[in-house]
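Residues per chain, in single letters:
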Protein chains: 4
Amino acid sequence: MNDAEDIFMHESHPAETHNGPHGYISNKDAYLKRLRRIEGQARGLQGMVTDDKYCIDILTQISAMTSALESVALALLDDHLNHCVLHAAVAGGDEAEAKLREASAAIARLVRS
Amino acid sequence: MNDAEDIFMHESHPAETHNGPHGYISNKDAYLKRLRRIEGQARGLQGMVTDDKYCIDILTQISAMTSALESVALALLDDHLNHCVLHAAVAGGDEAEAKLREASAAIARLVRS
Amino acid sequence: MNDAEDIFMHESHPAETHNGPHGYISNKDAYLKRLRRIEGQARGLQGMVTDDKYCIDILTQISAMTSALESVALALLDDHLNHCVLHAAVAGGDEAEAKLREASAAIARLVRS
Amino acid sequence: MNDAEDIFMHESHPAETHNGPHGYISNKDAYLKRLRRIEGQARGLQGMVTDDKYCIDILTQISAMTSALESVALALLDDHLNHCVLHAAVAGGDEAEAKLREASAAIARLVRS
């Protein structure tokens, strides 16, 4: 279903700090597009403050931006579980355990943030 | 960048119903500074995706950015309660009721987002 | 179990500074009904763990219970703003300021919990 | 006050629908203890409403209870990832994919609730 796995084999991968491919690489453009929109929302908020827009309207925009950020986080986490964590699980051992502990800590930060 | 900005210029803006300045006006620079930092975080996230940074590190940054956004929202809401809502409460009547209903709805969106 | 309950009976209770009944008193039965349902959910969760129910199903129930709790909190906060805070705002002075500061702190705890 | 606890004693496990043990089984007593405390918090809230306690104090208790619930959810999720999901990942195939999709959906519900 995704051809991205080939990419992961390249020796020249700049950030090969774990034993498997990064999960999000195949969707890089989609993530960048979503993050650019979020950056635009942050700029839009500055415009609202500069123009003395109504507080409640600004709060509505902040809620929308928070939801957009959360969606990106959930998508990244899903990719991460399906790639890095899955690979580590198959490999087994300490690496699997470490990846799972790391993923749980990231989930806790998301739930509490 | 978006045409929505034009809407805000109308003199007859429906939200312009309170008897005083927007609560956040006095802290405008502080809010702008915080929002610029948040915009920088959104740009930083794009850099992390472009450079294939590790998913978990990206998620950590997203959690930090979500917390920063929430703090701005809570500060704005506090200013709003202390200015617009307080003015409306003193004035009394339908306006007070409307402002409180509006504030409660904004709080609900924040809690659920 | 805690002696704090006695405190609440004293007429001179420091929180008893608003000019009327607690905002939620009129809806007491409705709140009690919702809280009993939430207590039932907590008991249901214990049953699920005892019966070795599937983790994901337990998590789904916890999410539902968290949402139910949040709804009660938002309803209470709305009542509080419309009664205690409104009264204090009309009375003005330090009391108004104190009530608003207290409400903002409660909102912050809800958003971050 | 509740007879539900009797239910928990039944030896006959009714819902063994996956290929491995439930992750939380080893910590069953710890989970039950935490859930009983949460049930107690729900009862305490009813007492506070009955006794007309101050809204803000009730909200503080609700925030504490929400945090307690979230901690149980995060612990269960961690156990689930380390057992069910890990087993499925090693087994591979559709089962692994299904378990990961299911876990991601549960995480999304937690983050958004």
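**Here we look at the relation of the copies chain C and chain D**
It takes a turn of 180° to lay chain C on chain D, together with a shift of 0.0 Å along the axis; the resulting RMSD is 0.1 Å. Such values leave the two copies arranged in the relation of a two-fold axis. Scanning chain C for the C-alpha nearest the rotation axis identifies C:E39, at a separation of 2.7 Å. Looking at chain C, 98% of its interface residues are interface residues in chain D too, so the copies touch through the same face.

**Comments concerning a positive patch on the surface**
Residues and elements named next belong to chain B. A cluster of basic side chains, namely K33, R34, R36 and R37, defines a positive patch on the protein surface. Topologically, K33 is positioned in helix α2 (residues 28-50). Under the relative-accessibility criterion, K33 is labelled exposed at 53%.

**Considerations on the packing of helix α1 (residues 28-50) of chain D against helix α2 (residues 55-91) of chain D**
All names here are of chain D. Packing of α1 against α2 leaves a shortest axis separation of 10 Å and a crossing angle of 160°. In this view, α1 runs roughly antiparallel relative to α2, as classed from their interaxial angle. Helix-helix and strand crossings are classified by hand; for α1 and α2 the assignment is left-handed. For the contact of α1 with α2, a count of residues per class yields 16 nonpolar, three polar and three charged.

**What about the interface of chain C and chain D?**
Counting residues at the interface gives 53 residues for chain C, matched by 58 residues for chain D. Notably, a salt bridge pairs D:K28 with C:D52, separated by 2.6 Å at the nearest N-O pair. The set of elements that each furnish at least two residues to the side of chain C that touches chain D consists of α1 (4-9), α2 (28-50), α3 (55-91) and α4 (93-112) of chain C. In terms of residues, the side of chain C that touches chain D owes the most to one element, α3(C), which gives 18 residues.

**Here's the deal with the interface of chain C and chain B**
Across the contact, 18 residues belong to chain C and 18 residues belong to chain B. Buried area between chain C and chain B, summed over both chains or domains, comes out near 1,700 Å², and the portion from carbon and sulfur atoms is 70%. Contact with chain B buries surface across chain C, with C:L74, C:L100 and C:V111 losing the most and accounting together for 32% of the total. Inspection of the chain C/chain B interface yields zero salt bridges. Applying the counting rule to chain C against chain B returns four residue pairs in polar contact (both at pLDDT 80 or more). If you list the elements that add at least two residues to the side of chain C that touches chain B, you get α3 and α4 of chain C. No other element matches the 10 residues that α3(C) contributes to the side of chain C that touches chain B. Broken down by class, the residue content of the side of chain C that touches chain B amounts to 12 nonpolar, three polar and three charged.

**Re the state of the cysteines**
Disulfide: a covalent bond formed between the sulfur atoms of two cysteine residues. Inspection of the entire model under this criterion finds zero disulfides over all chains. Cysteine B:C55 is unpaired, with the sulfur of A:C84 as its nearest cysteine sulfur at 4.1 Å.

**Concerning the packing of helix α2 (residues 28-50) of chain A against α2(B)**
Each packed pair of helices is defined by two parameters, the angle between the axes and the distance between the axes. Running from amino to carboxyl end, α2(A) crosses α2(B) at an angle of 170°, the nearest separation of the two axes being 9 Å. As the angle between them shows, α2(A) and α2(B) are arranged roughly antiparallel. Taken together, the residues of the contact of α2(A) with α2(B) sort by class into 14 nonpolar, four polar and eight charged.

**Regarding helix α3 (residues 93-112) of chain D**
Residues spaced three or four apart along an α-helix point in a common direction, a consequence of the helix completing one turn every 3.6 residues. Taking 1.5 Å of rise per residue, the 20 residues of α3(D) would be expected to cover 28 Å, and the 29 Å separating its terminal C-alpha atoms lies within 8% of that figure. Residues of α3(D) that are buried: D:A96, D:K99, D:L100, D:A103, D:S104, D:A106, D:I107, D:A108, D:L110 and D:V111. Of the surrounding elements, those touching the buried residues of α3(D) are α3 (55-91) and α4 (93-112) of chain A, α3 of chain C together with α2 of chain D.

**As for the side chain of A:S113**
For A:S113, the location among the structural elements is in the segment after α4. Here A:L110 takes part through its backbone oxygen, which lies 3.3 Å from a polar atom of the side chain of A:S113. Not counting residues within four places of it along the chain, the set of residues in contact with A:S113 comprises B:S63, B:T66, B:S67 and B:E70.

**Things to note about the confidence of the model for chain A**
Residues and elements named next belong to chain A. Looking at chain A as a whole, its pLDDT mean stands at 83, while 80% of the residues score no less than 70. Here residues 1-20 is modelled with pLDDT under 50, and outside its nearest four sequence neighbours on either side it reaches 21 contacts, counting other chains as well. Listed scores for the predicted complex are pTM 0.82 and ipTM 0.81.

**Some remarks on α2(B)**
Residues and elements named next belong to chain B. Taking 1.5 Å per residue as the helical rise, α2 with its 23 residues ought to reach 33 Å, and the 33 Å between its terminal C-alpha atoms agrees with that figure. Residues of α2 that are buried include every one of K28, Y31, L32, L35, I38, E39, A42, L45, Q46, M48 and V49, and no others. Note on α2: the residue one or two positions beyond its end, D52, has a positive phi of about 55°.

**Let's talk about unusual backbone geometry**
All names here are of chain A. Unusually for a residue other than glycine, D52 sits at a positive phi of about 55°. Assignment of secondary structure puts D52 in the loop between α2 and α3. For D52, a relative accessible area of 27% translates into the label partly exposed.

**Things to note about the pattern of salt bridges**
Applying the stated criterion to the full structure yields 26 salt bridges over all chains. With a closest N to O distance of 2.9 Å, A:E39 and B:R43 form a salt bridge. Linking A:E39 in helix α2 with B:R43 in helix α2, this pair reaches from one chain into another. Taking the relative accessible area as the measure of exposure, A:E39 reaches 8% and is therefore buried. Three or more residues are tied together by salt bridges with common partners; here these are A:E39, A:R43, B:E39 and B:R43.

Reading the values: rules and limits
Residues numbered from 1 in each chain as written. Chains lettered and ligands numbered in written order. Predicted model: local features only at pLDDT ≥ 70, side-chain atom pairs only at ≥ 80, totals over all residues. Heavy atoms only, no water. Least-squares fit on C-alpha atoms with pLDDT ≥ 70 in both. Contact = heavy atoms within 4.5 Å. Patch = residues over 30% accessible without salt bridge, like charges linked within 9 Å, V, L, I, M, F, W, Y side chains within 5 Å. Areas by Shrake-Rupley, 256 points an atom, 1.4 Å probe, with all protein chains shown as cover. Salt bridge = Lys/Arg side-chain N within 4 Å of Asp/Glu carboxyl O. Lys, Arg positive; Asp, Glu negative; His and termini not counted. Charge placed at Lys NZ, Arg CZ, Asp CG, Glu CD. Helix = DSSP H or I, 4+ residues; strand = E, 2+ residues; numbered from the N terminus. Buried < 20%, exposed > 50% of the residue type's maximum accessible area, 1.4 Å probe, protein only. Axes fitted to C-alpha atoms, helices over the stretch in contact; angles between N-to-C directions. Parallel < 35°, antiparallel > 145°, perpendicular 65-115°, else oblique. Left-handed = near helix turned anticlockwise from the far one by under 90°. Nonpolar A, V, L, I, M, F, W, Y, C, P; charged D, E, K, R; others polar. Buried area = accessible area lost by both parts, 1.4 Å probe. Polar contact = N/O pair within 3.5 Å; in protein donor to acceptor, adjacent residues only side chain to side chain. Disulfide = S-S within 2.5 Å. Expected span 1.5 Å × (residues − 1). pLDDT = per-residue confidence, 0-100.

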